[in-house]
Amino acid sequence: MSPSGPPTPGPLTVMLVAAEASGDALGAKLARVLRRRLGADKVRFVGVGGAKMAAEGIQSPFDIAQLSILGIVESLKAYPRAMARLKDTLALAARETPDVAVLIDSWGFNIRLAKALRKQDPGLPLVKYVAPQVWAYHASRAKDLAGAVDLLLSIQPMDKPYFDAAGLANVFVGNSALAHDFSRADPARLRAAIGARPGEPILLVLPGSRPSEIQRVMPPFEDAVRRLKAQRPDLHVVVPAASTVAESVKARVAAWPFRAHVVEDEALKDDAMVAGTVALACSGTVTTELALAGCPMVVGYVTGKITYALLKSMFKPRWVTLFNIAADDTVAPELLQDACTGQSLAAEVARRLDDPALRTAQVAAQNAALDKMGRGMPDPSEAAASALLDFLRARGRIV
């Protein structure tokens, strides 16, 4: 396959690889836009993804929960399994002969995949969607990525100087989380579904999308919820569950000594984020989505001790939550590692449950930070599709 040869006969074959829930959402949106732009008979998709990409017709050869790994020790333990899944992905590419491969987020897996694909098929155009956070730590990854792929679709404006310096073509397409549309969300529908009357408080519990997060983050979250329910019997607890961990979340919640509602339907998750009085959220993309929905939150996170020590020594910003970084202030409290205890989390959530003025002030500060982050930009999935199509036209893959 030539990097600049004529378009292949038949539909354009796009390989999308997403190893985590957030990447699965990006891949599904990109596939949907490309299909609309090119026509259903002019493009086909293959690759690796989760439930959302499956809904777009992309059948993954394995469950991506196997690759949702965070932490140095955890990554070392999972290395053999990850390498087996890498071989599966390479075999898929060899069998399907895609015209382009788009590798979405998931640095550890996808940088290895990019290098292996380059070796397997030097002519295959490679695109990375979502950069490693070189502006926060690991600046050397800019050069590493530049040597492995042909184009970067970036979601943070801070990325550009690093990748320009590394000589990698890059396009800022915007953060898809900022384009999450809550206009159709119906908080009354969520209240009806869980039996909550108007005015009764709703606590959202979002423990993450990786198995390791459920293992480490869920215990202090559970402790916090137990404390809050003991003091507030009328508190309704809703647990929006990512598809990658839904079964383990449901199993844990089923053992709680009080009723909680696990939500898997995507529309109902949006309803919950708008209806929530306060959220207890694992650090990640979901914090931006909650802010867009107008829900005040407390952020918690726990990872392995060695991983945390190394990240703390390398990470440049004072915060891990993107809207806190944008605001250069603690808009939402962050309780990380040893500070992430049930008692501390419950205290911060309780302050917000008991103080409407504090909730209102936090939502206003979240909104101001979202504006700084680029809220209101054109749909990032549309921008990503445009950049990808321009790249393929320049490569002669489409006309």
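The preceding data block contains the structure.
The rules behind these values
The residue count restarts for each chain, going from 1 along the sequence in the order it is written. Only residues with pLDDT of at least 70 are given local features in this predicted model, and only at 80 or more are side-chain atom pairs given and counted; all residues enter the totals for whole chains, interfaces and linings. As a rule here, side-chain values cover all heavy atoms of the structure and leave hydrogens and water aside. For helices the rule is a DSSP run of H or I covering at least 4 residues; for strands it is a run of E covering at least 2, with both sets numbered from the N terminus onward. In this analysis, two residues are considered to be in contact whenever any of their non-hydrogen atoms come within 4.5 Å of each other. Burial classes follow relative accessibility: with a 1.4 Å probe on protein chains only, a residue under 20% of its type's maximum area counts as buried, one over 50% as exposed, and anything between as partly exposed. The criterion for strand pairing is that DSSP finds at least two bridges linking the strands in question. Throughout, right-handed denotes a crossover for which the path from the first strand over the helix to the second runs clockwise when the strands point away from the viewer. Here an angle of 0 to 180 degrees is reported between the N-to-C directions of two axes, which are lines fitted to C-alpha atoms, with helices fitted over the stretch in contact. Any helix carries an expected span of 1.5 Å times its number of residues minus one. Directions pointing from the helix axis toward each C-beta atom define the arc. Polar contacts, as counted here, are pairs of nitrogen or oxygen atoms within 3.5 Å of one another; within protein the pair requires one atom able to donate a hydrogen and one able to accept it, and residues that are adjacent in sequence qualify only if both atoms are side-chain atoms.

Participant: Explain the environment of Val130 here, please?
Facilitator: Of note, Val130 is situated in the loop between strand S4 (126-129) and helix H5 (141-146). Val130 sits 124 residues away from Ala254 along the chain, and the two C-alpha atoms are 36 Å apart. Residue contacts for Val130: discarding those within four places in its chain leaves Leu26, Asp105, Leu152, Leu153 and Ile155.

Participant: It is not clear to me how unusual backbone geometry should be interpreted in this structure. Could you clarify?
Facilitator: Generally, phi is negative for residues other than glycine and the peptide bonds are trans, each holding for most cases. A positive phi is found at Asp105, a non-glycine position, where the angle reads about 50°. Its place among the elements puts Asp105 in the loop between strand S3 (100-104) and helix H4 (107-120). When its relative accessible area of 24% is taken as the criterion, Asp105 is described as partly exposed. Phi at Val130 is positive, roughly 90°, even though this residue is not glycine.

Participant: Explain the pairing of strand S1 (residues 12-18) to me, please; I cannot follow it from the model alone.
Facilitator: Look at any regular strand and the pattern is simple: side chains alternate between the two faces of the sheet. Counting buried positions along S1 gives 7 out of 7 residues, so the element sits mostly inside the fold. Side-chain alternation along S1 places Leu12, Val14, Leu16 and Ala18 on one buried face and Thr13, Met15 and Val17 on a second face that is also buried. Relative to strand S2 (residues 43-48), S1 runs parallel, the two being bridged by 6 bridges. The partner of Val17 across the bridge, within S2, is Val48. Assessed by its sense of winding, the connection that carries the chain from S1 through helix H1 (residues 21-38) to S2 is right-handed.

Participant: Which parts of the structure should I look at to understand the sheet that holds S3?
Facilitator: Within a sheet, neighbouring strands are paired by backbone hydrogen bonds and run either parallel or antiparallel to one another. Taking strand neighbours across the sheet as the criterion, the 6 strands line up as S2-S1-S3-S4-S5-S6 in an open arrangement whose pairing is parallel. Pairing within the sheet leaves two strands with one partner each, and these edge strands are S2 and strand S6 (170-172). With strand direction ignored, the average angle separating the axes of adjacent strands in the sheet is 20°. Relative to S4, S3 runs parallel, the two being bridged by 4 bridges. Following the sheet pairing, Leu103 is matched in S4 by Lys128.

Participant: It is not clear to me how the side chain of Thr288 should be interpreted in this structure. Could you clarify?
Facilitator: Within the secondary structure layout, Thr288 lies in helix H12 (residues 285-293). In this structure, Thr288 is in contact with Ala177, Leu178, Leu322, Leu370 and Met373, ignoring residues within four places of it in sequence.

Participant: Explain helix H16 (residues 356-373) to me, please; I cannot follow it from the model alone.
Facilitator: Because each turn of an α-helix spans 3.6 residues, side chains separated by three or four positions end up pointing in the same direction. Given a rise of 1.5 Å per residue, 18 residues ought to cover 26 Å, and the 26 Å separating the end C-alpha atoms of H16 matches this to within 8%. Taken residue by residue, H16 has Leu358, Arg359, Gln362, Val363, Gln366, Ala369, Leu370 and Met373 as its buried positions. Buried residues of H16, viewed axially, fall in a sector of 130°; they line one side. In H16, those exposed residues whose orientation departs by more than 90 degrees from the buried face are Ala357, Thr360 and Lys372. The N-terminus of H16 is capped by Asp355, whose side-chain oxygen sits 3.1 Å from the backbone nitrogen of Ala357. Within two residues after H16, Gly374 carries a phi angle of roughly 110°, on the positive side.

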